[in-house]
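The residues making up each chain are set out below.
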Amino acid sequence: MIRFLIVLLGILVARLMWLQFTKRPTQPRVTGRRPRAEYGGKVVGCVRCALHVPQDRAVNRRGKTYCSPSCASAGPATG
Ligand SMILES: [Zn+2]
């Protein structure tokens, strides 16, 4: 019985050492879902269709913000 426990302990220690050996230096992060807060930039709304886009992708024309060049050429929504 003691021998069995020693063998079991040896397997456990070997497994732990193997896990330590194979562990990557950087912890792998779960990248399945990205929260919106992870986007560092500002999000702006289109004055025509109210679609929200990152500010670096938005189109600015005459002081107004649009989601795309097509919205920018159409102009702001009226009414
Ligand atoms: Zn738009």
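Sequence positions are assigned chain by chain, starting from 1 and proceeding in written order. In keeping with the predicted nature of the model, local features appear solely for residues at pLDDT of at least 70, side-chain atom pairs appear and are counted solely at 80 or more, and the whole-chain, interface and lining totals rest on all residues.

**Notes on the overall build of the protein**
The test is simple: Numbering goes from the N terminus for both helices and strands, where a helix is a DSSP run of H or I of at least four residues and a strand is a run of E of at least two. Note on burial: count the other C-beta atoms lying within 10 Å of the residue's C-beta; 20 or more is buried, 12 or fewer is exposed, in between is partly exposed, and C-beta positions come from the backbone. In this description, a residue-residue contact is defined by the distance between C-beta atoms placed from the backbone, which must lie within 7 Å.
When you go through the protein residue by residue, the secondary structure sums to 2 helices and 4 strands. Along the protein, from the amino end to the carboxyl end, the secondary structure elements read α-β-β-β-β-α. Looking at the protein residue by residue over its 79 residues, the buried ones come to 9%. Considering only residue pairs separated by 6 or more positions, the protein has 15% of its internal contacts joining residues 24 or more positions apart.

**Regarding unusual backbone geometry**
Even without glycine at this site, A50 takes up a positive phi of about 65 degrees. Despite not being glycine, R62 shows a phi value in the positive range, around 55 degrees.

**What to know about the confidence of the model for the protein**
In plain terms, the rule: Every residue carries a pLDDT, the predictor's confidence in it, which falls somewhere between 0 and 100.
When pLDDT is averaged across the protein, the result is 84; 78% of the residues are at 70 or more. The secondary-structure element of the protein with the lowest mean pLDDT is helix α1 (residues 2-22), recorded at 87, while strand β4 (residues 64-66) shows the highest, at 95.

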